[in-house]
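Geometric and topological summary
Listed here are the chains, written in short residue letters.
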Amino acid sequence: MSRARASCALLLLLLVGCCKRVESSECQLLLDHYVELLLRDDRPKSTAGEVLRLQQDARRKAQQDPAFAECSSRLSRRGYECAMQAEDANRLEQCLL
């Protein structure tokens, strides 16, 4: 294999790795993170039990939502990583635009 071909193959592997699709389990984690951030803003004194209950409610509702079902195919890896690092709900929403 020529040096140019090897370089192209390496570049292609790097690009494929960078474009790894978001998995459905990651969409669930993102939803949990979003609920947690919303509660932090709206109800800062929520207990861990309340947060968990609302996350479970959000997951049940998301299962009924066709748009959420497309999460793993529509959300970019970059958008996901940005959203998971967001420290407030507004920033998370901006990452998903």
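Turning our eyes to something else, we now look at the overall build of the protein. Across its full length, the protein holds seven helices and zero strands. Secondary structure elements of the protein, listed N to C terminal, follow the sequence α-α-α-α-α-α-α. A separation threshold of at least 6 residues defines the contact pool for the protein, and within that pool the share at least 24 residues apart is 73%. Summed over its atoms, the accessible surface of the protein is roughly 7400 Å², and 55% of this surface lies on carbon and sulfur atoms.

So, on to the state of the cysteines. Counting across every chain of the model gives two disulfides. Between the sulfur atoms of C27 and its disulfide mate C71 the distance is 2.0 Å. An S-S torsion of about -95 degrees defines the bridge between C27 and C71 as left-handed. Taken together, the residues span a long stretch of sequence, with C27 in helix 2 (residues 24–42) and C71 in helix 5 (residues 71–74) at a distance of 44 residues. In terms of burial, C27 and C71 fall into one category: buried. Disulfides within the protein link the bonded cysteines, taken in sequence order, as 1-2, 3-4.

Moving on, we come to helix 3 (residues 48–64). Under the 1.5 Å per step criterion, the end-to-end length of helix 3 is 25 Å for 17 residues, consistent within 8% with the ideal 24 Å. On its buried side, helix 3 packs onto helix 2 and helix 4 (66–69).

Chain-level statistics for the protein give a pLDDT mean of 85 and a share of 80% at 70 or above. When mean pLDDT is taken per element in the protein, helix 6 (residues 77–85) scores highest with 97 and helix 1 (residues 3–18) scores lowest with 40. The model gives residues 1–17 a pLDDT under 50, and that stretch makes one contact with residues more than four places away or in other chains.

Moving on, we get to the nonpolar core. Nonpolar side chains tend toward joint burial in soluble globular proteins. By size, the foremost hydrophobic cluster in this structure holds 20 residues, and its most contacted members are L30, L75 and L92. Residue assignment for this core shows that the elements contributing at least two residues are helix 2, helix 3, helix 6 and helix 7 (89–95). The leading source of residues in this core is helix 2, at six residues. Those residues in contact with L92 that lie beyond four places of it in its chain are L30, H33, Y34, L37, A83 and A86.

Conventions adopted
- Residues numbered from 1 in each chain as written.
- Predicted model: local features only at pLDDT ≥ 70, side-chain atom pairs only at ≥ 80, totals over all residues.
- Heavy atoms only, no water.
- Helix = DSSP H or I, 4+ residues; strand = E, 2+ residues; numbered from the N terminus.
- Contact = heavy atoms within 4.5 Å.
- Areas by Shrake-Rupley, 256 points an atom, 1.4 Å probe, with all protein chains shown as cover.
- Disulfide = S-S within 2.5 Å.
- Buried < 20%, exposed > 50% of the residue type's maximum accessible area, 1.4 Å probe, protein only.
- Expected span 1.5 Å × (residues − 1).
- pLDDT = per-residue confidence, 0-100.
- Core = buried A, V, L, I, M, F, W, Y, C linked by side-chain atoms within 4.5 Å.

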